[in-house]
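A structural walkthrough
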Amino acid sequence: MAAEIKPLRSSHPTKPTSTDRPVLVAKIEGSGDDVNAAILLNGATGVISVSDDKSVRIWQRRDSGQYWPSVCHFLPSVPTCLHYIADTKRLFLGLDNGTVVEFSVSQDYNSINQVREYLSHQNRVTDVIFCPTNEWLLSVARDKFFVYHCTESGRRLGGHQCSGWCTALQYDEKSKHIFVGDYSGQITMLKLEEGGPQIITVLKGHNGSIRSLAWDMDRQLLFSGSFDQSVIVWDIGGRKGTAFELQGHTSKVSALVYGKNCHQLISGAEDATIVFWDMKADRQETPEWLEADSCQYCERPFFWNLRAMVDQKQIGLRQHHCRKCGKAVCDSCSSNKSCIPIMGFEFDVRVCDNCHSTIADQDRTSLAKFQEVKHNVVYMDLDEEAGILLTVGQDRVMKIWDVSSMLN
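This report concerns the structure included in the present document. Residue numbers here run from 1 along each chain, matching the order of that chain's written sequence. Residues qualify for local features only when their pLDDT is at least 70, as the model is predicted, and side-chain atom pairs are given and counted only at 80 or more; totals for whole chains, interfaces and linings, by contrast, use all residues. Excluding hydrogens and water, the side-chain figures rest on all heavy atoms present in the structure.

1. With respect to the sheet that holds strand E25 (residues 273–278)
Condition: When DSSP finds two or more bridges between a pair of strands, those strands are recorded as paired. In this text, helices come from DSSP runs of H or I with a minimum length of four residues, and strands from runs of E with a minimum of two, each type numbered from the N-terminal end. Orientation is described by lines fitted to C-alpha atoms, with helices fitted over the stretch in contact, and by angles between N-to-C directions that extend from 0 to 180 degrees.
Read across the open sheet, the 4 strands follow the order E23-E24-E25-E30; overall the sheet is antiparallel. Each of the sheet's edge strands pairs with one partner strand only, and the pair in question is strand E23 (253–259) and strand E30 (368–372). Sheet twist, expressed as the mean angle between neighbouring strand axes with direction ignored, is 20°. By the bridge criterion, 5 bridges tie strand E24 (residues 264–269) to E25 in an arrangement that is antiparallel. Its bridge partner lying in E25, serine 267 is registered against valine 275.

Put into structure tokens, the structure is as follows:
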């Protein structure tokens, strides 16, 4: 099935079409099964997609403004992820059987040719990255392993076993640091050295599995999206792993992309919403939750503090936490709610009475923009230069958005 595309921008200088909202300019339908991943080619002139029907497709925009597949190549196993190098037209596909396959794409995008096959894993490949500088092929899979190969020789260079299914991957080419998100909600930070990968630290903050990672190379910020509905920003370079949360979704966060020039983080989730986060804004670190046997304000005991309950002759209370200061409080001492955008809380959250009195109206000004996309997002790709965002949904539809006005 073809997709009709509308003009991205007006050619008339006095009638710009930009708005303060993303503009849907195309929908690509026709995949025979769930689309697992897709990337943009040259702005919005083409798209490469992989799906559960074992196909890799290259969709090209025709003169009529419609998208038609110029390539529909079927593989022996389901392609689950991809990485494409536009300059050299090298395409890497991770498969459900644990294999990574390298293809070369023709100049006219009308054919692909297999170059090499890497027997990387024993289970479903979940993410793959190719590093042209080192000729390294990085991959992670449900066999709990991070593995990297030399693409010149095809030789396996090393690997590392994580605590759970590996689900997401990011790489800092300058420092040779690897970030591996897993199903347990942890992120393992590795350094690639001559003798193989060396573990640096493990980042713990999510209560659900990691689904997507994004990396700001200039400011050394790592972004992680999780099934716990949150995004965590880890300051790897400046403050040695300190973190703050971004709470703007009501369902599993499944995709992240980052605009390094505009400092905008875009998150997509299964709530059919994408959120544009202003990462230029100064934000406060999320406090750790304190633990106590009694409310840290009124000192009434919590329900597990049996001795205090007997001494004070009263029934124990349920413990809550203030999202602003992290103190352990009872319901009576935290009866107010407020959004705290500077701490990433775009929705109203529980705060203690003391903190609530310190939050001014200007402190509640939102630092994010929300857009309904009318399909549950499973993957995204961003062409920041062209101002184009691609969203892949659970409905097997790919949508192309003009987001140039959002990236200013």
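2. Some details on the pairing of E24
Operational definition: Each residue is assigned to one of three classes by its accessible area relative to the maximum for its type, calculated with a 1.4 Å probe on protein chains only: buried under 20%, partly exposed between the two thresholds, exposed over 50%.
Where burial is concerned, most of E24 is hidden: 6 out of the 6 residues are buried. A two-sided burial pattern is seen for E24, the buried positions comprising Gln264, Ile266 and Gly268 on one face and Leu265, Ser267 and Ala269 on the other. Sheet topology note: the E23/E24 ladder contains 6 bridges and is antiparallel. Residue pairing in the sheet places alanine 255 in a bridge with glycine 268 of E24. The loop that links E23 with its antiparallel partner E24 comprises 4 residues; one of these, histidine 263, has a positive phi angle of about 55°. Where E24 folds back on E25, the antiparallel hairpin that results is connected by 3 residues, among which alanine 272 adopts a positive phi of roughly 60°.

3. Description of the pattern of salt bridges
Between side chains of opposite charge, pairing is possible as soon as their charged atoms come close. Put simply, the rule is: Within this document, salt bridges are pairs made up of a side-chain nitrogen of Lys or Arg and a carboxyl oxygen of Asp or Glu, the two lying within 4 Å of each other.
In total, this model carries 10 salt bridges according to the counting rule given. Close ionic contact of glutamate 102 with arginine 90 constitutes a salt bridge, the shortest N to O distance being 2.9 Å. You can see glutamate 102 sitting in strand E9 (residues 99–105) and its partner arginine 90 sitting in strand E8 (residues 90–95), a full 12 residues away along the chain. In terms of burial, glutamate 102 and arginine 90 fall into one category: buried. The salt bridge involving aspartate 96 is made with arginine 124; its shortest N-O contact spans 3.0 Å. Of this pair, aspartate 96 sits in the loop between E8 and E9 while arginine 124 sits in the loop between strand E10 (112–119) and strand E11 (125–131), and the two are 28 residues apart along the sequence. By relative accessible area, aspartate 96 is classed as partly exposed at 31%. Three or more residues joined by partner-sharing salt bridges are found here, namely Asp33, Asp34 and Arg396.

4. Some remarks on the side chain of serine 49
The cut-off we apply is this: For this analysis, a polar contact is any N or O atom pair within 3.5 Å, provided that within protein one partner can donate a hydrogen and the other can accept it, and provided that sequence-adjacent residues contribute only side-chain to side-chain pairs.
Tracing the backbone through its elements, the reader meets serine 49 in strand E4 (residues 46–51). For serine 49, the side chain forms a polar contact with the side chain of tryptophan 59, separated by 3.0 Å.

5. Digging into the packing of aromatic side chains
Counted only if it meets this: Planes of paired rings set the category: under 30 degrees apart is stacked, over 60 is edge-to-face and the rest tilted, where pairs are Phe, Tyr or Trp rings (Trp by its six-membered ring) whose centres lie within 6.5 Å. We count a charge as sitting over a ring when the NZ of a lysine or the CZ of an arginine lies within 6 Å of the ring centre and within 35 degrees of the ring normal.
One pass over the full model with this rule turns up 7 aromatic pairs. Judged by centre distance (4.9 Å) and plane angle (35°), the rings of phenylalanine 179 and tryptophan 215 are tilted. With phenylalanine 179 in strand E16 (residues 177–182) and tryptophan 215 in strand E19 (residues 210–216), the pair connects residues that are 36 residues apart, well separated along the chain. Neither phenylalanine 179 nor tryptophan 215 differs from the other in exposure class; each is buried. One aromatic cluster is present, formed by Trp136, Phe146 and Tyr148 through successive ring pairs. Note that lysine 252 overlies the ring of phenylalanine 227, its terminal NZ or CZ placed 4.5 Å from the centroid.

6. Examining the environment of leucine 137
Our working definition: Residue contacts are defined here by distance: any two heavy atoms, one from each residue, within 4.5 Å place the two residues in contact.
Its location among the elements puts leucine 137 in strand E12 (residues 136–141). Taking C-alpha positions, leucine 137 is 9.8 Å from serine 120, a pair spaced 17 residues apart along the chain. Ignoring any residue separated from it by four or fewer positions in sequence, one finds leucine 137 in contact with Phe92, Val100, Tyr118, Val128, Ile129, Phe130, Val147, Tyr148, His149 and Thr151.

7. Some thoughts on unusual backbone geometry
One non-glycine residue, lysine 54, lies in the positive phi region at around 75°. Looking at the element boundaries, lysine 54 is found in the loop between E4 and strand E5 (55–61). You will see that glutamate 299, though not glycine, has its phi angle at about 65°, which is positive. Structurally, the position occupied by glutamate 299 is in the loop between E25 and helix H1 (306–312).

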